[in-house]
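Descriptive analysis of the structure
Spelled out, the chains give:
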Amino acid sequence: EAQVTQNPRYLITVTGKKLTVTCSQNMNHEYMSWYRQDPGLGLRQIYYSMNVEVTDKGDVPEGYKVSRKEKRNFPLILESPSPNQTSLYFCASSPFGRALGELFFGEGSRLTVL
Amino acid sequence: AQSVTQLDSHVSVSEGTPVLLRCNYSSSYSPSLFWYVQHPNKGLQLLLKYTSAATLVKGINGFEAEFKKSETSFHLTKPSAHMSDAAEYFCVVSDTSGTYKYIFGTGTRLKVLA
C-alpha cells in the first residue's frame, strides 16, 4: 500500500531534549516536506526536499533541522525543543515532474513540549 | 509571491443543501491548485486538483471546483451536503516559480446541520 509513515504519532517531551520525528514514503517520490499545523494558521511549511541531499527552508524553519540521505526518508530534528514548537506535524511527499503533483500526507505527529 | 485566501473560516449548511467553500489565489505563474479535506484527528486527503487541463474539476465524494483565471478563484462546491462532509477544508496552490513550495490557505471548517 502506498503510504507516508510518521513516527511517533504522539510525543510529550521537555524543553531542550533533542528529538527526531521520522518520515518514510514507499512511493519513490522525489519531493518531501514537513508542515506544522496550528489553529487558525493552516499548515505552514517547515522544510522541503527536492531529492536526495537537496533540502531548502520553508516558511517557518527556525528551530528545526532536516536531512535527506535516502530518497524514502526525511526526518525532522528538533535540536532543542521549546514550548512554541508544540504543534501537530505532518510529513508529505509528492512526485515531481514538470510541476509539483499532489501531496500525500502522513497521519500526523502531535508534539507537546513542556 | 503566491498566496491563498480562504474567504470563510467557518461555514454551516443544512444536510441536503449545497456547499460553497471559497478560495482565491494569487500567482504569477500558471498554478496547480488543490483542495484537501481533514476530518477530526485525521491526516489530509486530496479531494481534487487542477493542473491546467479542464477548468471544471470533479473530485471524490461529489465535490467539484471551477478554476476561474479572470477571478483568480478556485471555489469548492457540492450539490447536497452530507453529515459526513463535516470537516476542515484546505485550498492549496503549488509554487513552481523557483521555490517549489505548497502554500496552504488557513482552512474552512464546514459544519453540517441535521
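Quick summary incoming for the structure in this document.

Observations concerning the nonpolar core
- By size, the foremost hydrophobic cluster in this structure holds 27 residues, and its most contacted members are Trp35, Leu48, Phe74, Leu76 and Tyr89 of chain B.
- The element contributing the most residues to this core is strand β10 (residues 87–95) of chain B, with 4 residues.

A word on the state of the cysteines
- Applying the stated criterion across every chain yields a total of 2 disulfides over all chains.
- For Cys23 of chain A, the disulfide goes to Cys91 of chain A, at an S-S distance of 1.8 Å. On the sign convention where negative means left-handed, the S-S torsion of about -75° between Cys23 of chain A and Cys91 of chain A marks this disulfide as left-handed. Of this pair, Cys23 of chain A sits in strand β3 (residues 19–25) while Cys91 of chain A is found in strand β9 (residues 87–94), placing the two residues 68 residues apart along the sequence.
- In this model Cys23 of chain B forms its disulfide with Cys91 of chain B; the gap between the sulfur atoms is 2.0 Å. Measuring the twist about the S-S bond at about -70°, one finds the Cys23 of chain B-Cys91 of chain B disulfide to be left-handed. Of this pair, Cys23 of chain B sits in strand β4 (residues 23–26) while Cys91 of chain B sits in strand β10, and the two are 68 residues apart along the sequence.

Quick word on the sheet that holds strand β8 (residues 76–78) of chain A
Residues and elements named next belong to chain A.
- With antiparallel pairing, 4 strands are arranged side by side in an open sheet as β1-β3-β8-β7. Either end of the sheet is taken by a strand with one partner, and the two such strands are β1 (4–7) and β7 (65–66).
- Note: β1 against β3, 4 bridges, orientation antiparallel. Note that in β3 the partner of Val4 across the bridge is Gln25.

Structural notes on a nonpolar patch on the surface
All names here are of chain A.
- Taken together, the side chains of Ile12, Val14 and Leu114 present a nonpolar region at the surface, about 320 Å² in accessible area.
- Position of Val14 among the secondary structure elements: in the loop between β2 (10–13) and β3.
- For Val14, a relative accessible area of 43% puts it in the partly exposed group.

Regarding the interface of chain B and chain A
- Taken together, the 21 residues of chain B in the interface contact 25 residues of chain A.
- Considering only the side of chain B, the residues that lose the most area to chain A are Tyr100, Tyr102 and Phe104 of chain B, jointly responsible for 35% of the buried surface there.
- Taken together, chain B and chain A are joined by 2 salt bridges.
- One can count 6 residue pairs in polar contact (both at pLDDT 80 or more) joining chain B with chain A.
- Those elements giving two or more residues to the side of chain B that touches chain A turn out to be β5 (32–38), β6 (44–50), β10 and β11 (101–104) of chain B.
- Per-class residue counts for the side of chain B that touches chain A are 8 nonpolar, 8 polar and 5 charged.

Section: the packing of aromatic side chains
- With the rule as written, the count across this model stands at 14 aromatic pairs over all chains.
- Seen in terms of ring centroids, Tyr35 of chain A and Phe104 of chain B are 5.2 Å apart; in terms of plane orientation they differ by 65°. Their pairing is edge-to-face. Pair noted here: Tyr35 of chain A is in strand β4 (residues 31–38) and Phe104 of chain B is in strand β11, and the two residues belong to different chains. Per residue, the accessibility class of Tyr35 of chain A equals that of Phe104 of chain B, and both read buried.
- Between Phe105 of chain A and Phe104 of chain B the ring centres are 6.2 Å apart and the planes differ by 75°, which places this aromatic pair in the edge-to-face class.

Quick notes on the rules
Residues numbered from 1 in each chain as written. Chains lettered and ligands numbered in written order. Predicted model: local features only at pLDDT ≥ 70, side-chain atom pairs only at ≥ 80, totals over all residues. Heavy atoms only, no water. Core = buried A, V, L, I, M, F, W, Y, C linked by side-chain atoms within 4.5 Å. Buried < 20%, exposed > 50% of the residue type's maximum accessible area, 1.4 Å probe, protein only. Helix = DSSP H or I, 4+ residues; strand = E, 2+ residues; numbered from the N terminus. Disulfide = S-S within 2.5 Å. Pairing = 2+ DSSP bridges. Patch = residues over 30% accessible without salt bridge, like charges linked within 9 Å, V, L, I, M, F, W, Y side chains within 5 Å. Areas by Shrake-Rupley, 256 points an atom, 1.4 Å probe, with all protein chains shown as cover. Salt bridge = Lys/Arg side-chain N within 4 Å of Asp/Glu carboxyl O. Contact = heavy atoms within 4.5 Å. Buried area = accessible area lost by both parts, 1.4 Å probe. Polar contact = N/O pair within 3.5 Å; in protein donor to acceptor, adjacent residues only side chain to side chain. Nonpolar A, V, L, I, M, F, W, Y, C, P; charged D, E, K, R; others polar. Phe/Tyr/Trp six-rings, centres within 6.5 Å; stacked < 30°, edge-to-face > 60°.

Honestly, it's all geometry; don't read function into it.
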